[in-house]
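# Structural features, examined
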Amino acid sequence: MQLAVNVSLPNILTLISQMSLTEIEQIKNKIVEKDLYFKRFKKDKIEDVMSDFQKEDYSDKFLKELENGLKKSSVYNDD
């Protein structure tokens, strides 16, 4: 059986504030174990992105600007 409950963020924070450090640590460990934290964005290679756009018959000018923009973007320079 599975039970779903809607709980507001303020209620969750109130509950957490009433827990011991050990209990909070157990929650943290479960979050990490279950991979519930934010995952790093998995980006495609620029070449693959460009290939997809080329298949859609975009102009050469647009494709070149897109490629240059991707190479300069924070998404591709955030390693």
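Heads up: these notes are all about the structure in this document. Being a predicted model, the structure only gives us computed values, none of them experimental. (Residues numbered from 1 in each chain as written. Predicted model: local features only at pLDDT ≥ 70, side-chain atom pairs only at ≥ 80, totals over all residues. Heavy atoms only, no water.)

### Here we look at the overall build of the chain
For clarity, the cut-off: Working definition: helices are DSSP H or I runs of at least four residues, strands are E runs of at least two. Numbering for both runs from the N terminus. Relative accessibility thresholds used throughout: buried, under 20% of the residue-type maximum; exposed, over 50%; partly exposed, between the two (1.4 Å probe, protein chains only). Exposure was quantified through the Shrake-Rupley algorithm and a 1.4 Å probe, taking into account, for residues, occlusion by the shown protein chains and nothing else.
Along its length, the chain carries 4 helices and 0 strands. Helices and strands in the chain line up, N terminus first, as α-α-α-α. For the chain, the residues scored as buried account for 10% of the 79 residues in total. Here the chain has roughly 7,600 Å² of accessible surface; of this, 55% comes from carbon and sulfur atoms.

### Focus: the packing of helix α3 (residues 46–54) against helix α4 (residues 60–72)
What counts, and what does not: Geometry is summarised by axes, namely lines fitted to C-alpha atoms with helices restricted to the contacting stretch, and by angles between N-to-C directions that run from 0 to 180 degrees. Each angle gets one of four labels, with under 35 degrees taken as roughly parallel, over 145 as roughly antiparallel, 65 to 115 as roughly perpendicular, and the rest as oblique. In this scheme, a crossing is called left-handed if the near helix is turned counterclockwise away from the far one by less than a right angle; it is called right-handed if the turn is clockwise. Whether two residues are in contact is decided by their heavy atoms, any of which lying within 4.5 Å being enough. Put simply, Ala, Val, Leu, Ile, Met, Phe, Trp, Tyr, Cys and Pro go in the nonpolar bin, Asp, Glu, Lys and Arg in the charged bin, and everything else, Gly too, in the polar bin.
The N-to-C vectors of α3 and α4 enclose an angle of 155°; their axes lie 11 Å apart at closest approach. It follows that α3 is roughly antiparallel to α4 by the angle criterion. The way α3 lies across α4 gives a crossing that is right-handed. Here α3 contributes Ile46, Val49, Met50, Phe53 and Gln54 to the contact with α4, which in turn contributes Phe62, Leu63, Leu66, Glu67, Leu70 and Lys71. Counted by class, the contact of α3 with α4 contains 8 nonpolar, 1 polar and 2 charged residues.

### Quick look at the nonpolar core
Stated precisely, the cut-off is as follows: Take the buried residues of types Ala, Val, Leu, Ile, Met, Phe, Trp, Tyr and Cys, join any two whose side-chain atoms come within 4.5 Å, and each joined set is a nonpolar core.
Membership of the largest hydrophobic core is limited to 7 residues, which are Ile46, Val49, Met50, Leu63, Leu66, Leu70 and Tyr76. The set of elements that each furnish at least two residues to this core consists of α3 and α4.

### Structural notes on a negative patch on the surface
Rules: Here a patch means residues that are over 30% exposed by relative accessible area and free of salt bridges, tied together within 9 Å if like-charged and within 5 Å if nonpolar (Val, Leu, Ile, Met, Phe, Trp, Tyr). One side-chain nitrogen of Lys or Arg within 4 Å of one carboxyl oxygen of Asp or Glu is enough to make a salt bridge. Positive charge is attributed to Lys and Arg, negative charge to Asp and Glu, and no charge count is given to His or to the chain ends. Working definition for charges: the position is that of NZ of Lys, CZ of Arg, CG of Asp or CD of Glu.
The grouping of Asp44, Glu47, Asp48, Asp52, Glu56 and Asp57 at the surface amounts to a negative patch. You can see Glu56 is positioned in the loop between α3 and α4.

### Some thoughts on unusual backbone geometry
The residue Asp57 is not glycine, and still its phi comes out positive at about 60°. Relative to the assigned elements, Asp57 resides in the loop between α3 and α4.

### Points about α3
We apply this condition: Working definition: the arc comes from the directions between the helix axis and the C-beta atoms, pointing outward to the latter.
Taken residue by residue, α3 has Ile46, Val49 and Met50 as its buried positions. Looking down the long axis of α3, one finds its buried residues gathered within 95° of arc, a one-sided arrangement. Buried residues along α3 sit against α4.

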